[in-house]
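Observations on the three-dimensional arrangement
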Amino acid sequence: MAANPKGTVRLRLDEELREIETGLQLAKNRDRFILEQKWAVRPRDVRRAMLNDEPQIVHFSGHGAGIEGLVFEDDTGQEKFVDAEGLAGLFELFANQVECVVLNACYSQVQAEAIAQHINYVIGMSKQIGDRAAIEFAVAFYDAIAAGKPVEFAYKYACNAILLTGILEQLTPILIKNPHLSEVIAQSHLTKEHSSAKNEPKLGNGSDATQPVQTTSNEFHINNSNITNVTGSGQINYNEAPKQK
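The structure contained in this document is the topic of the report that follows. These numbers come from a predicted model, not from an experiment.

Thoughts on the overall build of the chain
For the chain, the helix and strand inventory stands at seven helices and nine strands. Within the span of the chain, comprising 245 residues, buried residues form 38% of the whole. By sequence separation, contacts in the chain at least 24 residues apart represent 56% of the contacts at least 6 residues apart. Accessible surface, the chain: about 15,300 Å² in total, of which carbon and sulfur atoms supply 50%.

Points about the sheet that holds strand β4 (residues 100-105)
The six strands lie next to each other as β3-β2-β1-β4-β5-β6, forming an open sheet whose pairing is mixed. The open sheet is flanked by β3 (79-82) and β6 (173-177), the only strands paired with a single partner. With strand direction ignored, the average angle separating the axes of adjacent strands in the sheet is 35°. Note: strand β1 (residues 57-64) against strand β2 (residues 70-73), two bridges, orientation antiparallel. Bridge assignment links Gly 64 to a residue of β2, and that residue is Leu 70. Sheet strands in contact with helix α2 (residues 43-53) are β1, β2 and β3, and its direction is about 95° off that of β2. The strands that helix α6 (residues 151-164) touches are β4, β5 (121-125) and β6; relative to β6, the one it contacts most, it runs at about 170°.

A closer look at the packing of aromatic side chains
On inspection of all chains with the given rule, the structure shows five aromatic pairs. Taking 6.1 Å as the distance between ring centres and 15° as the angle between the ring planes, the aromatic pair formed by Phe 137 and Phe 141 counts as stacked. Separated by four residues within a single helix, Phe 137 and Phe 141 lie in helix α5 (residues 131-146), roughly one turn from each other. Comparing Phe 137 with Phe 141, the two get one shared label, buried. Aromatic ring contacts, followed pair by pair, group Phe 137, Phe 141, Tyr 142 and Tyr 155 into a single cluster. Over the ring of Phe 153 we find Lys 149, and its NZ or CZ is 5.3 Å from the ring centre.

Structural notes on the side chain of Asp 45
Mapped onto the elements, Asp 45 comes out in helix α2. Looking at Asp 45, its side chain comes within polar contact range of the main-chain nitrogen of Arg 42, at 2.8 Å.

Side note on the nonpolar core
Counting residues in each nonpolar core, the largest one holds 31 residues, and the members touching the most others are Ile 123, Phe 137 and Phe 141. Looking at this core, the elements with two or more residues in it are α1 (13-26), β4, β5, α5 and α6. Sort the elements by how many residues they give to this core and α5 lands first, with 12 residues. Those residues in contact with Phe 137 that lie beyond four places of it in its chain are Ile 123, Met 125, Tyr 155, Ala 158, Cys 159, Ile 162 and Pro 173.

What about the pattern of salt bridges?
Going through the model one piece at a time under the given rule, you end up with nine salt bridges. One salt bridge in this structure joins Lys 177 and Glu 152, with 3.6 Å as the shortest N-O distance. Of this pair, Lys 177 sits in strand β6 while Glu 152 sits in helix α6, placing them 25 residues apart in sequence. Its relative accessible area of 42% is what places Lys 177 among the partly exposed residues. A single salt-bridge network, built from bridges that share partners, covers Arg 12, Glu 15, Arg 132 and Glu 136.

Rules used in this analysis
Residues numbered from 1 in each chain as written. Predicted model: local features only at pLDDT ≥ 70, side-chain atom pairs only at ≥ 80, totals over all residues. Heavy atoms only, no water. Helix = DSSP H or I, 4+ residues; strand = E, 2+ residues; numbered from the N terminus. Buried < 20%, exposed > 50% of the residue type's maximum accessible area, 1.4 Å probe, protein only. Contact = heavy atoms within 4.5 Å. Areas by Shrake-Rupley, 256 points an atom, 1.4 Å probe, with all protein chains shown as cover. Pairing = 2+ DSSP bridges. Axes fitted to C-alpha atoms, helices over the stretch in contact; angles between N-to-C directions. Phe/Tyr/Trp six-rings, centres within 6.5 Å; stacked < 30°, edge-to-face > 60°. Lys NZ or Arg CZ within 6 Å of the ring centre and 35° of its normal. Polar contact = N/O pair within 3.5 Å; in protein donor to acceptor, adjacent residues only side chain to side chain. Core = buried A, V, L, I, M, F, W, Y, C linked by side-chain atoms within 4.5 Å. Salt bridge = Lys/Arg side-chain N within 4 Å of Asp/Glu carboxyl O.

Okay, structure coming up:
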């Protein structure tokens, strides 16, 4: 999603999207990703996108103003600020669907921290970030994601991409994890272990005890030789008859 309202500094949002799209098309896991584009987004456009597109990753490109909020557009194309409380409330409703949110906008750490109360991984900007650095970060982040890397690796990879270009803004992007994420992972592991334990075979003398394999014998005659196949024993006995002169 992107917004660059009238009267705000023009950003190269089209270049950012183009480079992300190109990276996804070249990725080895490209068939696993669908990129949906929303331009000049208003608050209602964001709501509808969440319902209709059902995204697992939500990316916003545009302006941010700290506590005032992210800068969307109104019906006339002018600035429309959406604060952290409103965004966090929206993402709380989609917490079971969205895995990661990227706010590629200046001073968006405030909103990122609020959203991270409900979403596992959220990236925001701790201060102003230049156009070039923002693009480098976004492109590298999705290159890594499309290569099958986890979010934390993709974040570090993208920060390094900024530094590799010679731009000293690699510390501006901030990754914020849901404070309950480790607890959720631990519970998931416990659930899997409990499920595995219930599926283990029971041993004993009861009706559920493992029954011995019944062996059967089959004899095959091939020319002057015979082969006896004993099913269940894992053995094949081969006896060759004397050759006839």
